[in-house]
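Structural characterization, general
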Amino acid sequence: MHASLSDFDMPNDEQVHLAAESFRLLADPTRIKVLWALLQGESSVACLAELAGAAPTAVSQHLAKLRLAGLVKGRREGTYVYYSAANNHVRGLLAQALFHADHVDRDLPGAPTAEQDNHHHTHPAR
């Protein structure tokens, strides 16, 4: 059935694996808070810990994993490291997840239909 659709497309195994790994790393409330804070601007571990309500050592460990996954980047200034979101793709991932959670939580209308959502994914914003 799907093979008969002229524009049907599946991601390759590597894309699927990397996407799943990104979602796995984002599946933590502290990491979501940290990333959302970083989307507002560059920040230090101490500031991020305060914003996320977590210990600085825990936030530092989260940042190390997010950095390895390419979701955050660090800039060293003397003995301090200032972190920021790696790119706007991180914003898109989090914004969509939070938008979806808000609508599911409050049973709000306005979440994209499956057709609209599929259209969005086949023509990503750049």
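Read on for a plain summary of the structure.

Criteria and cut-off values
- Residues numbered from 1 in each chain as written.
- Predicted model: local features only at pLDDT ≥ 70, side-chain atom pairs only at ≥ 80, totals over all residues.
- Heavy atoms only, no water.
- Helix = DSSP H or I, 4+ residues; strand = E, 2+ residues; numbered from the N terminus.
- Contact = heavy atoms within 4.5 Å.
- Expected span 1.5 Å × (residues − 1).
- Buried < 20%, exposed > 50% of the residue type's maximum accessible area, 1.4 Å probe, protein only.
- Polar contact = N/O pair within 3.5 Å; in protein donor to acceptor, adjacent residues only side chain to side chain.
- Phe/Tyr/Trp six-rings, centres within 6.5 Å; stacked < 30°, edge-to-face > 60°.
- Core = buried A, V, L, I, M, F, W, Y, C linked by side-chain atoms within 4.5 Å.

**Here we look at the side chain of Arg31**
Residue placement: Arg31 occurs in helix α2 (residues 29-40). Beyond its immediate sequence surroundings of up to four residues, Arg31 is in contact with Arg24, Leu25, His62, Lys65 and Leu66.

**Thoughts on helix α5 (residues 88-106)**
Helix length check: α5 (19 residues) gives 27 Å between terminal C-alpha atoms against 27 Å at 1.5 Å per residue, within 8%. Along α5, the positions that sit buried rather than exposed are Val90, Leu94 and His103. N-cap assignment for α5: the residue whose side-chain oxygen lies 2.9 Å from the backbone N of His89 is Asn87.

**What about the packing of aromatic side chains?**
If you walk through the whole model with that rule in mind, you get one aromatic pair. Between Tyr80 and Tyr82, the aromatic rings sit 6.4 Å apart at their centres with planes inclined by 35°, giving tilted as the arrangement. Here Tyr82 falls in the partly exposed class, since its relative accessible area comes to 23%.

**Things to note about the nonpolar core**
Of all hydrophobic cores here, the largest spans 21 residues; its most connected members are Leu48, Leu63 and Tyr83. Elements with a minimum of two residues in this core: α1 (13-26), α2, α3 (45-52), α4 (56-68), β2 (80-85) and α5. In contact with Tyr83, other than residues within four places in its own chain, are Leu38, Gly41, Glu42, Ser43, Val45, Leu48, Leu63, Arg67, Val72, Lys73 and Gly74.

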